Amino acid sequence: MLSRREFFKTSGALVVSFATPGFVAEALSQAKPGLLPTELDSWIAVLPDGKVSVFFGKMDMGQGLDIAVAQIVADELDVAFEKVGVVMGDTATSCNQGGASGSTGVSNGARLLRRAAAEARRVLVEGAAQKLGVAASDLHVVDGTVFAKNETSKRVSYADLIGGRHFHHKVEWNKANGNAMDIKVPAKLKAPDEYKVVGKPLARRDVAWKVFGTDDYVTDVRVKGMLHARVIRPPRPACKVRGVDEGSISSIRGARVVREKDFVAVVAPREWDAVRAAQMLKIDWHALDGAFPEMAKLYDHIREAKVVKREEPVKRGDVATAFSKASRLIEAQYEWPFQSHASMGPACAVADVKPDACTVWTGSQKPHFVRDGVAKLLGLPQDKVRAIWVTGPGSYGRNDAGDAALDAAFLSKITGKPIRVQGMRADGTAWDPKAPACVHRARAAVDASGKVIAYEFVSKGFSRQHIATNESDPADSLVGQSIGVPPKGTQTFGTPAESYGFENKLLAWETIPPLVESCSPLRTGHLRDPVGPEIHFGSEQFIDEVALAAGVDPVAFRLKYLTNPRHQAVVKAVAEKAQWGSLGKGKGLAFAERNGTAVAVVAQVEVERKSGRLWARKIWVAHDCGLVINPLQLRSTIEGNVVHGLSRTLYEEVRFDRDSVTSVDWASYPILEMPDAPESIEVVLIDRPELAPTGAGEPTIRVIPAAVANAFFDATGVRLRTAPLNPERVKAALKGN
Amino acid sequence: MPTYRFRVDGKNVSVNAEEEMPLLYALRNDLGLNNPHFGCGLAQCGACTVHLEGEPVRSCVMPVSAAAGKAVTTIKGLGTPDKPHPLQAAYVSEQVPQCGYCVNGWIMTAAAYLKKNPKASDGELRDALSGLKCRCGTHVSILRAIKRAQQQMA
């Protein structure tokens, strides 16, 4: 197995090797076409040795997405899996497919490479037909060699046909960038029953180097002559800088201050000097006092805040009239706090700005948008900026990586030196964009027969996109806002994703203004499955509450009202796997859909009344995301979702006082640790080869909170409607019970 | 600045640094060893863990001066692809890391712990590993890998 670095050397050598003397004459006459989605060469290349590189505009964050892509390409192109390398996340070699985004890596991302591979195969088989004098329909391909079906001595390999050269072949592009980018090709795609590699539990290629410490993270990128920088985030939101005492760091040789309006950083040749200088630098901040509500009154603030925008995506029947006919009314409210990405390490980026060009190395999951944001911030044309994604300290949304990339570019431009920026812990915990705090109001009406005749679920909270989903605009970055670019502040939220067939049904959301408009540590943006855990913590607990009122078992209730057969199937499957029986065993169930993926979870919990410890001991998952590409990686992706979800359910809550965020490290922002990891996670994968694959990076996390809360209710008879379900809340709730 | 001499992964090294500079900066910047990571700078996560005379330490808070004359082992010195430590081999078999930034903490801590308590129970392992962080939620596979390594080491 090639190491990542070796593979890059091999596959990346394509462009370079054109200039190498002695290479096939044809190759020298050919220029590489521009990196446009309309060029087949932008998607796929056959190397001289028959290996294949595909150029992917999304990237894997450690869940094996690149392996899934390689499996899909191997099947469609008829080459061995081992020969397919996936080049990801470099704006110089990949089109903008939107980066890691919305669990669309396979559904949107790999779909294009599948088509490109099919088209490459078609073109190559046609070329072989000419060369061999055999009709294309009489040829077949085995591991990159085209054979005449009736005369196997007639053969030619992909490498002989095109190895090291470009296709110069057009594909049809839908003119969209990002997740919506799509291409069409005349080639016929294979049917699922022809797959040989898809469906296999193949191992990842990035595990070994991570375990042996033999390759680099973005934090390890070093550029000759670079300076280390630390950006100094203000002590409070929306601070203005009145003055900086540069003399306060004069004892540190080589350290200096960089300031532009309210953006302040220190740079130094040695990293430790930059760290010390950042600690020592005296800044006269003009602070905004009392910008935040009292933390204890956060949910009252949300309830009372004016509504900026309201949408009612599901409105069926006559809800108001139906409520008036209720024989029983069930009402509840659920509350979810601000949460932090708190990535494993604070973000890092390296930027090298030259007078007319810039290269930036970033851990951002969306390097193409880093390129766009840097270009805009520096006033460079987009094609003069190259962003290169390098594995970073984890990323599950718009975390602090987007800010680090723009910080580095900005500082490199001002200093004229390559700059490496890395945050300190507080930059990743206190100053990343936050998942929005919210309150969910639910009402249901049941008639005398126990039938649900009206149902209403309304979420109210901070926008999930006050900071945009990516850093393509300085308005959405801290450096941009610090130098005076106002945020765009898109207003959007979401509603439960289910198919409960209640006749009269309203699902709605409302957003409220941010606490502070600009430069706020409580600005809100996307964190893994944006607003999914938040909403379904409420909606799937409420379904249990309605079921209880109707006198129906939670599984039976869901099966009665869910209208989508795939939704019913995951509920049935998980109930069976978890041996769902009588209540009172500390088990709870929750279900949801996410963009075509259906998932149901049963949690079994143990509650220690004295300490308030709530342990989700066993977890069962039933997961249907259509065709399963790689069950091994899918399972580990689901396991990660489960544990990340448990952490957010049981522990995570951004703390703040009237002036600032007080969650600044792992002590003040506790997360789940090993003693509280589940004893077992059992996963049932429902494979549906006939259905195009949908996502798996996020769906499971949205059902974990309610499954745990429902299990807690089953164990104790007490409802916990405010997250996280930490020991203090558990103890308080059980007092007197 | 004083000079500190010590051993890293079997090699003699020397570093000029302020005595209070954390060992992590010496390893990463002065010695070019990238594998220990900065995660928190507060000994709260484990991403920077190395062995000092066989004991796991958080190099982000341990001053470089405390390493003088001693032997430091990083994950790169613990084992190699050709001669992996059983934990590293088990990590590969179980496909444990996702982003992988936390790996040093778990493997270096578990390696030292298993030496003292090779037959540790599930509960003992969980307690021994508390204080370490993983943000991708790979905890269950970490335990699987450690138990696989325990069997191999038995």
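On a predicted model such as this, the values are computed, not experimentally measured, just so you know.

### Some thoughts on the overall build of chain A
Scanning chain A from terminus to terminus reveals 19 helices and 26 strands. For 737 residues, the compact-globule formula gives about 27 Å, and the C-alpha radius of gyration of chain A, at 27 Å, lands near that figure. Dimensions of chain A, computed from C-alpha atoms along their principal axes, come out at roughly 85 × 75 × 45 Å. For chain A, buried positions account for 58% of its 737 residues. Taking the contacts inside chain A whose residues are at least 6 apart along the sequence as the reference set, 77% of them involve residues at least 24 apart.

### Describing helix H4 (residues 103–116) of chain B
Compared with an ideal rise of 1.5 Å per residue, which puts 14 residues at 20 Å, H4(B) spans 20 Å between its outermost C-alpha atoms and is within 8% of the ideal. Taken together, the buried positions of H4(B) are B:Val103, B:Asn104, B:Gly105, B:Trp106, B:Ile107, B:Met108, B:Ala110, B:Ala111 and B:Leu114. Those residues of H4(B) hidden inside the fold are in contact with helix H6 (207–212) of chain A together with strand E3 (49–52), strand E4 (55–58), helix H2 (75–78), helix H3 (86–93) and helix H6 (139–153) of chain B.

### With respect to the interface of chain B and chain A
Taken together, the contacts link 45 residues of chain B with 47 residues of chain A. Where the side of chain B that touches chain A is concerned, the elements lending two or more residues are helix H1 (23–30), H2, H3, helix H5 (122–128) and H6 of chain B. In terms of residue class, the side of chain B that touches chain A is made up of 21 nonpolar, 19 polar and five charged.

### Examining the sheet that holds strand E26 (residues 680–685) of chain A
Residues and elements named next belong to chain A. The sheet built from four strands is open, its strands ordered E23-E24-E25-E26 with mixed pairing. The outermost strands of the open sheet, each flanked by one partner alone, are strand E23 (587–594) and E26. The average undirected angle you get between the axes of adjacent strands in this sheet is 20°. Where strand E25 (residues 613–624) meets E26, six bridges bridge the pair, whose relative direction is parallel.

### With respect to unusual backbone geometry
Here A:Ala723 and A:Pro724 are connected by a cis peptide whose omega angle stands at -5°. Structurally, A:Pro724 is set in the loop between helix H18 (704–716) and helix H19 (727–734). Even without glycine at this site, A:Asp78 takes up a positive phi of about 60°. Within the secondary structure, A:Asp78 is located in the loop between helix H3 (65–77) and strand E3 (84–88). For A:Asp78, a count of 22 C-beta atoms within 10 Å gives the class buried. One non-glycine residue with positive phi stands out, namely B:Gln95, at about 55°. The residue B:Gln95 is located in the loop between H3 and H4 in this model. The exposure class assigned to B:Gln95 is buried, which follows from the 22 C-beta atoms found within 10 Å.

### Side note on H3(B)
Residues separated by three or four positions in an α-helix point in the same direction, a consequence of the helix having 3.6 residues per turn. Taken residue by residue, H3(B) has B:Leu87, B:Gln88, B:Ala90, B:Tyr91 and B:Val92 as its buried positions. Buried residues along H3(B) sit in contact with H6 of chain A together with H2, H4 and H6 of chain B. Backbone geometry just downstream of H3(B) places B:Gln95 in the positive-phi region, at approximately 55°.

### Here's the deal with the domain arrangement of chain B
Many authors give the size of an interface as the accessible area that is lost as the parts come together. Residues and elements named next belong to chain B. Domain annotation of chain B identifies domain 1 (3–77) and domain 2 (79–153). For domain 1 and domain 2, the distance between their C-alpha centroids amounts to 21 Å. Contacts between the two partners involve 14 residues from domain 1, matched on the other side by twelve residues from domain 2. Secondary structure elements with two or more residues in the side of domain 1 that touches domain 2: E3 and E4. The element best represented in the side of domain 1 that touches domain 2 is E3, accounting for three residues. Residue composition of the side of domain 1 that touches domain 2, grouped by class: seven nonpolar, six polar and one charged.

### A short note on the pairing of strand E22 (residues 505–512) of chain A
Along a regular strand, successive side chains alternate from one face of the sheet to the other. Residue and element names in this part refer to chain A. When you tally the buried positions in E22, you get six out of eight residues, the bulk of the element. Here six bridges tie strand E14 (residues 309–316) to E22, and the two strands are oriented antiparallel to one another. Looking at E22, one finds that Arg310 is bridged to Glu510. Pairing geometry for strand E21 (residues 452–462) and E22, over eight bridges, is parallel. Bridge assignment links Ser459 to a residue of E22, and that residue is Trp509.

### A closer look at the nonpolar core
All names here are of chain A. Formed by 269 residues in total, the largest nonpolar core has its most connected members in Ala349, Ala409, Val574 and Val601. Considering every element that reaches this core, the biggest residue donor is helix H4 (residues 105–132), with ten residues. Discounting residues that sit within four places of it in the chain, Val574 has contacts with Leu589, Ala600, Val601, Val602, Trp620, Val621, Ala622 and Val684.

### Section: the domain arrangement of chain A
Residue and element names in this part refer to chain A. Each assigned domain of chain A is listed here: domain 1 (4–212), domain 2 (221–287 + 346–428) and domain 3 (297–338 + 434–734). On a C-alpha basis, the centres of domain 1 and domain 3 stand 39 Å from each other. Contacts between the two partners involve 19 residues from domain 1 and, on the opposite side, 19 residues from domain 3. Of all elements in the fold, only H3 and H4 reach the threshold of two or more residues within the side of domain 1 that touches domain 3. For the side of domain 1 that touches domain 3, the leading source of residues is H3, giving four residues.

Cut-off values and rules
Within any chain, residue numbers begin from 1 and follow the written order of that chain's sequence. As a convention, the first chain written is A and the first ligand written is 1, with the rest following in written order. Local features in this predicted model are restricted to residues of pLDDT 70 or higher, and side-chain atom pairs are both shown and tallied only at a pLDDT of 80 or more, whereas totals for entire chains, interfaces and linings draw on every residue. What counts as a helix is a DSSP run of H or I of at least four residues, what counts as a strand is a run of E of at least two, and both are numbered from the N terminus. Two things to know: the radius of gyration comes from C-alpha atoms, and the globule rule equals 2.2 Å times the number of residues to the power 0.38. Three classes are used. A residue is buried when 20 or more other C-beta atoms lie within 10 Å of its own, exposed when 12 or fewer do, and partly exposed in between, with C-beta atoms placed from the backbone. Contact between two residues is assigned whenever their backbone-derived C-beta positions fall within 7 Å. By definition here, a helix of n residues has an expected span of 1.5 Å times n minus one. Under the grouping applied here, Gly and all other residues not named as nonpolar or charged are polar, the nonpolar ones being Ala, Val, Leu, Ile, Met, Phe, Trp, Tyr, Cys and Pro and the charged ones Asp, Glu, Lys and Arg. Pairing between strands is defined by DSSP: at least two bridges between the two strands are required. To obtain an axis, a line is fitted to C-alpha atoms, over the contacting stretch when the element is a helix, and the angle between two such axes runs from 0 to 180 degrees between their N-to-C directions. Residue ranges labeled as domains rest on an automatic or database domain assignment. By convention in this section, buried Ala, Val, Leu, Ile, Met, Phe, Trp, Tyr and Cys residues joined through C-beta atoms within 7 Å make up a nonpolar core.

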